[in-house]
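Observations on chain architecture
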There are 2 protein chains.
Amino acid sequence: MFDKKLPSNVQIREVCPRDGFQSQRDFIPTEEKIALVDAMAQTGISIMEVTSFVSPKAIPQMADASEVMEHFNRRWRGKVESIVLIPNLKGAERALAVGSDAVGFVVSASEAHNMANTRRSVRESMDELRSVASIKGDTALGVSVATSFECPFDGPVDPQAVVKIVEEALEIGVDSITLADTVGTCDPLMLTKTLTEVRSRFGEYPFFLHLHDTNGMAMVNTMAAMDLGFYRFDSAAGGLGGCPFAPGAAGNVATEDMVNFFERIGVSTGVRLDKVLEVAARMKEMGLAVNSHLSARCKK
Amino acid sequence: MFDKKLPSNVQIREVCPRDGFQSQRDFIPTEEKIALVDAMAQTGISIMEVTSFVSPKAIPQMADASEVMEHFNRRWRGKVESIVLIPNLKGAERALAVGSDAVGFVVSASEAHNMANTRRSVRESMDELRSVASIKGDTALGVSVATSFECPFDGPVDPQAVVKIVEEALEIGVDSITLADTVGTCDPLMLTKTLTEVRSRFGEYPFFLHLHDTNGMAMVNTMAAMDLGFYRFDSAAGGLGGCPFAPGAAGNVATEDMVNFFERIGVSTGVRLDKVLEVAARMKEMGLAVNSHLSARCKK
């Protein structure tokens, strides 16, 4: 397992302000969101998913997306790279009006999940992505391939479905691609199978990986991914995210757990663990559903 | 990472009735302990750490060790292999009077932890182990090397300290040896370093590994261990154990998480996941501090 050389450093993208906050039942007041975003920006993180421009009716938690993003631009633009999630062309227009380094579009590799998530076929989503690309101007465009490994409805996802979406996304001209283990049920064998296919087709393309710790396999999956040369990982401070209707249920892998893991095995992240733990503690005090190994750690 | 062939099967030792129960603040009535032991014995597990013969003053939870073990012998002897923990010669005498397939003695690789845990030097513990060996008769004798990787007081443990204890234990004639990540802070790099030393010195000796999921690294450590040919692992149903004074703090790696992990990567355990989940659900209902990924899983 450690026959191969580990990377000297990896990049962590902080997704808590979007994927984490979105899962919280109670509205987090805008000033508290901003305070947490500021605290996260001070951990040493180089890139952050700041918010999402979705329908406030669908996700009331994100109703203040513009205010959060305007604050971020004033304080952090040029220091921390930003990406905001957009579900469609309309969201893209709103996001572009406010401004961010990148907008991120989501499409699932599984038809069933894409339909459940967006009420569109994968084909329709790819057409929407093309429309977003046509209006984005200088803003970078990212695409996240949800259910890249396993779908909660259809089970294991054919690696060729992922390859197909990535091919078309690259043809459209996107600037970054994320492969997401949306439900967190992926195991290192399944991950290795799909990523090996992806590697053989797209060489050293610097994909992001978005892993969950649902079944306790986030670290072993990260290890398997690094073994194949992947070095960009999403995580959420406090492990927020996942399932808004089951407090304590596993969500995104926690930034503090990932940073600790990388530190222990000598892989640099540029992120300060103590600062991330402060953010997690603050979120806990605020009553957010913090769920990470390090935050639950025995104090004895 | 998956260049090497995974083992076709591994052995899981269920340690919940000892290491898990021991960490629970409130006394679990003997009949409930017995009911849980019965349920665990019905999961397909082949070996169980059933109880420990420690001072009831030090650990009141284990005051009914004899009754639990007598029940186990009546119902499960010959079907599920048993081991009971003994801290010293006196505990061994009590255990031998009741009878079990094996007695398990604990010594730490770190002097500081051994002193804190047993009020003895490592030398004194090894002498005590020798005394236990002299009275054990036909009962098998196991030894668990606590803090085999890292000590909460002294930090990283020199692999040679582990090698030295294992050498003497083998010379004394023990029948099984467990290497324990007692605090759960071991990472796959540290694990690989120590286990590589151990492998080079003791060849294919079938060590047990006792891993915790404190920092979310139980699976990646398990993976690293399998990569070096290790195939016997401790785990506790419900993830019970660890720290009695911090509810929810990470304890032993949960049997359900381990079984799920092995199943997903095609490694057979002989243990039925559904049955283990039933045990965990039952323990939850009883108010025990269940703490596993699968038991917290989003029901949505």
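Model, not experiment: these values are computed from the prediction. Here the residue numbers are simple positions, counted from 1 along each chain's written sequence. Labels are handed out in written order, letters beginning with A for the chains and numbers beginning with 1 for the ligands. For this predicted model, a pLDDT threshold of at least 70 governs which residues receive local features, and a threshold of 80 or more governs which side-chain atom pairs are given and counted, while totals over whole chains, interfaces and linings are taken from all residues. Think of the side-chain values as coming from all heavy atoms in the structure, minus any hydrogens and water.

Residues and elements named next belong to chain B. Where helices are involved, their axes are fitted lines through C-alpha atoms of the stretch in contact, as for all axes, and angles between N-to-C directions lie from 0 to 180°. Going along the chain from the N terminus, every DSSP run of H or I of four or more residues is numbered as a helix, and every run of E of two or more is numbered as a strand. Two numbers describe how helix H2 (residues 30-41) lies on helix H3 (residues 65-76): the axes approach to 10 Å, and their chain directions differ by 35°. Between H2 and H3 lies a crossing whose hand is right-handed. Along its contact with H2, which presents Thr30, Lys33, Ile34, Val37, Asp38 and Ala41, the element H3 presents Glu67, Val68, His71, Phe72, Arg75 and Trp76. The residue makeup of the contact of H2 with H3, split by class, is 6 nonpolar, 2 polar and 4 charged. Less than a right angle of anticlockwise turn of the near helix away from the far helix marks a crossing as left-handed, whereas a clockwise turn marks it as right-handed. Whether two residues are in contact is decided by their heavy atoms, any of which lying within 4.5 Å being enough. The nonpolar class holds Ala, Val, Leu, Ile, Met, Phe, Trp, Tyr, Cys and Pro. Asp, Glu, Lys and Arg form the charged class, and all remaining residues, Gly among them, are polar.

Another aspect to go through is the confidence of the model for chain A. Here chain A averages 93 in pLDDT, while 94% of its residues score no lower than 70. On a scale of 0 to 100, pLDDT captures the predictor's confidence in every residue. Every residue in residues 244-249 of chain A scores below 50 in pLDDT, and together they form 14 contacts with partners more than four places removed in sequence or on other chains.

This brings us to the sheet that holds strand S2 (residues 47-52) of chain B. Hydrogen bonds between backbone atoms are what pair the strands of a sheet, whose relative direction is either parallel or antiparallel. Residues and elements named next belong to chain B. In this analysis, strands are considered paired if DSSP registers two or more bridges between them. Taking strand neighbours around the barrel as the criterion, the 8 strands line up as S1-S2-S3-S4-S5-S8-S9-S10 in a closed arrangement whose pairing is parallel. Averaged over all pairs of adjacent strands, the angle between their axes in this sheet comes to 30°, without regard to strand direction. Both strand S5 (residues 140-146) and strand S8 (residues 176-180) contribute to a ladder of 4 bridges, which runs parallel. Counted as the bridge partner of Gly142 is Ser176 from S8. On top of the sheet, helix H4 (residues 89-98) reaches strand S3 (81-86) and strand S4 (102-108); it is set at about 150° to S3, its chief contact.

Turning next to the packing of aromatic side chains. Planes of paired rings set the category: under 30 degrees apart is stacked, over 60 is edge-to-face and the rest tilted, where pairs are Phe, Tyr or Trp rings (Trp by its six-membered ring) whose centres lie within 6.5 Å. Taken as a whole and assessed by the stated rule, the structure comprises 10 aromatic pairs over all chains. For the pair Phe202(B) and Phe207(B), a centre-to-centre distance of 6.2 Å together with 70° between the ring planes defines the contact as edge-to-face. Ring centres of Phe261(B) and Phe262(B) lie 5.7 Å apart, and the angle between their planes is 45°; this geometry places the pair in the tilted category. Residue Phe261(B) shares its accessibility class with Phe262(B), and that shared class is buried. Put simply, the rings of Phe202(A), Tyr205(A), Phe207(A) and Phe230(A) touch in pairs and so form one group of aromatic residues. Each ring is checked for a lysine NZ or an arginine CZ that lies within 6 Å of its centre and within 35 degrees of its normal; such an atom marks a charge sitting over the ring. Between Lys33(A) and the ring centre of Phe27(A), over which it is positioned, the NZ or CZ distance is 3.9 Å. Buried means the residue's accessible area, taken with a 1.4 Å probe over protein chains only, is under 20% of the maximum for its type, while exposed means over 50%, and partly exposed covers the values in between.

This next bit is on the sheet that holds strand S5 (residues 140-146) of chain A. Residue and element names in this part refer to chain A. What the 8 strands build is a closed barrel, ordered S1-S2-S3-S4-S5-S8-S9-S10; its pairing is parallel. Adjacent strand axes in the sheet meet at a mean angle of 30° when their direction is disregarded. Sheet contacts for helix H4 (residues 89-98): strand S3 (81-86) and strand S4 (102-108); angle to S3, the most-contacted strand, approximately 150°. Each of S4, S5 and strand S8 (176-180) touches helix H7 (residues 159-172); the most contacted strand, S8, lies at about 165° to it.

This next bit is on the packing of helix H6 (residues 122-135) of chain B against helix H7 (residues 159-172) of chain B. All names here are of chain B. Axis separation between H6 and H7 bottoms out at 10 Å; the angle between their running directions is 20°. Comparing the axis directions of H6 and H7 gives the class roughly parallel. For the pair H6 and H7, the sense of crossing is right-handed. Across the interface between the two elements, Val122, Arg123, Met126, Leu129, Arg130 and Ala133 from H6 touch Ile165, Glu168, Ala169, Glu171 and Ile172 from H7. Across the contact of H6 with H7, the residue classes break down as 7 nonpolar, no polar and 4 charged. An angle below 35 degrees is read as roughly parallel, one above 145 as roughly antiparallel, one from 65 to 115 as roughly perpendicular, and any other as oblique.

Take the pairing of S5(A) next. Residues and elements named next belong to chain A. Among the 7 residues of S5, 6 are classified as buried, and the element is accordingly described as predominantly covered. Relative to S5, S4 is paired through 7 bridges, and the arrangement is parallel. Looking across to S5, one finds that Val103 is bridged to Leu141.

Next up on the list: the environment of Pro17(A). All names here are of chain A. With respect to the element layout, Pro17 can be found in helix H1 (residues 16-20). Judged by its relative accessible area of 1%, Pro17 falls in the buried class. Along the sequence, Pro17 and Met40 sit 23 residues apart, while their C-alpha atoms lie 9.0 Å from each other. Sequence-distant contacts of Pro17, that is, excluding residues within four places in its chain, are made with Val37, Met40, Met48, Glu49, Val50, Thr51 and Met62.

On to the side chain of Asn114(B), then. All names here are of chain B. Locating Asn114 in the fold gives a position in helix H5 (residues 111-118). Two N or O atoms form a polar contact when they lie within 3.5 Å of each other; inside protein one atom must be a possible hydrogen donor and the other a possible acceptor, and for residues adjacent in sequence the pair counts only when both atoms belong to side chains. A polar atom in the side chain of Asn114 sits 3.2 Å from the backbone oxygen of Ser121. Within the structure, the side chain of Asn114 is placed 2.9 Å from the side chain of Ser125, a separation counted as a polar contact. If near-sequence neighbours (up to four positions away) are discounted, Asn114 is found in contact with Val107, Ser108, Arg119, Arg120, Ser121, Val122 and Ser125.

With that out of the way, let us pick up the state of the cysteines. Residue and element names in this part refer to chain A. The definition used for a disulfide is geometric: two cysteine sulfur atoms within 2.5 Å. Inspection of the entire model under this criterion finds 0 disulfides over all chains. Here Cys186 is not cross-linked by a disulfide; its sulfur's nearest cysteine counterpart is in Cys151, at 13 Å. Classification of Cys186 by relative accessible area gives buried; the value is 1%.

Attention shifts here to the pattern of salt bridges. For salt bridges, the criterion is a side-chain nitrogen of Lys or Arg within 4 Å of an Asp or Glu carboxyl oxygen. A full pass over the atoms with the stated rule returns 32 salt bridges over all chains. With a shortest N-O distance of 2.6 Å, Arg201(A) and Glu167(A) are connected by a salt bridge. You can see Arg201(A) sitting in helix H8 (residues 188-202) and its partner Glu167(A) sitting in helix H7, a full 34 residues away along the chain. The exposure class of Arg201(A) is partly exposed, given its relative accessible area of 43%. Linking Arg272(B) and Asp274(B) is a salt bridge whose minimum nitrogen-to-oxygen distance equals 2.6 Å. By relative accessible area, Asp274(B) is classed as partly exposed at 37%. Via salt bridges that share partners, Arg123(A), Asp127(A), Arg130(A), Glu168(A) and Glu171(A) belong to a single interconnected network.

The next point concerns the environment of Phe262(A). Residues and elements named next belong to chain A. Mapping Phe262 onto the fold places it in helix H10 (residues 255-264). Along the chain, Phe262 and Ser8 lie 254 residues apart, while their C-alpha atoms are 9.8 Å from each other. When sequence neighbours within four positions are dropped, the list of residues in contact with Phe262 reads Val10, Ile12, Thr222, Met226, Phe233, Val267 and Thr269.

Residue and element names in this part refer to chain B. Counting through the fold element by element, Ala180 comes out in strand S8. Taking the C-alpha atoms as reference points, Ala180 and Arg75, separated by 105 residues in sequence, lie 29 Å from one another. Not counting the four nearest positions on each side in its chain, Ala180 is found in contact with Ser144, Val145, Ala146, Thr147, Ser148, Phe149 and His210.

By nonpolar core we mean a set of buried residues, namely Ala, Val, Leu, Ile, Met, Phe, Trp, Tyr and Cys, connected to one another through side-chain atoms within 4.5 Å. Within the largest apolar cluster, 188 residues are counted, with the highest numbers of intra-cluster contacts made by Leu179(A), Met283(A), Leu179(B) and Met283(B). Not counting chain neighbours up to four residues away, the residues in contact with Leu179(A) comprise Val145(A), Ser148(A), Phe149(A), Val162(A), Val166(A), Leu195(A), Val198(A), Phe207(A), Phe208(A), Leu209(A) and His210(A).

Further remarks concern the side chain of Asn260(A). When you line up the elements, Asn260(A) lands in helix H10. Its relative accessible area of 8% is what places Asn260(A) among the buried residues. Excluding residues that lie within four positions of it along the chain, Asn260(A) makes contacts with Leu273(A), Leu294(A), Asn215(B) and Met217(B).

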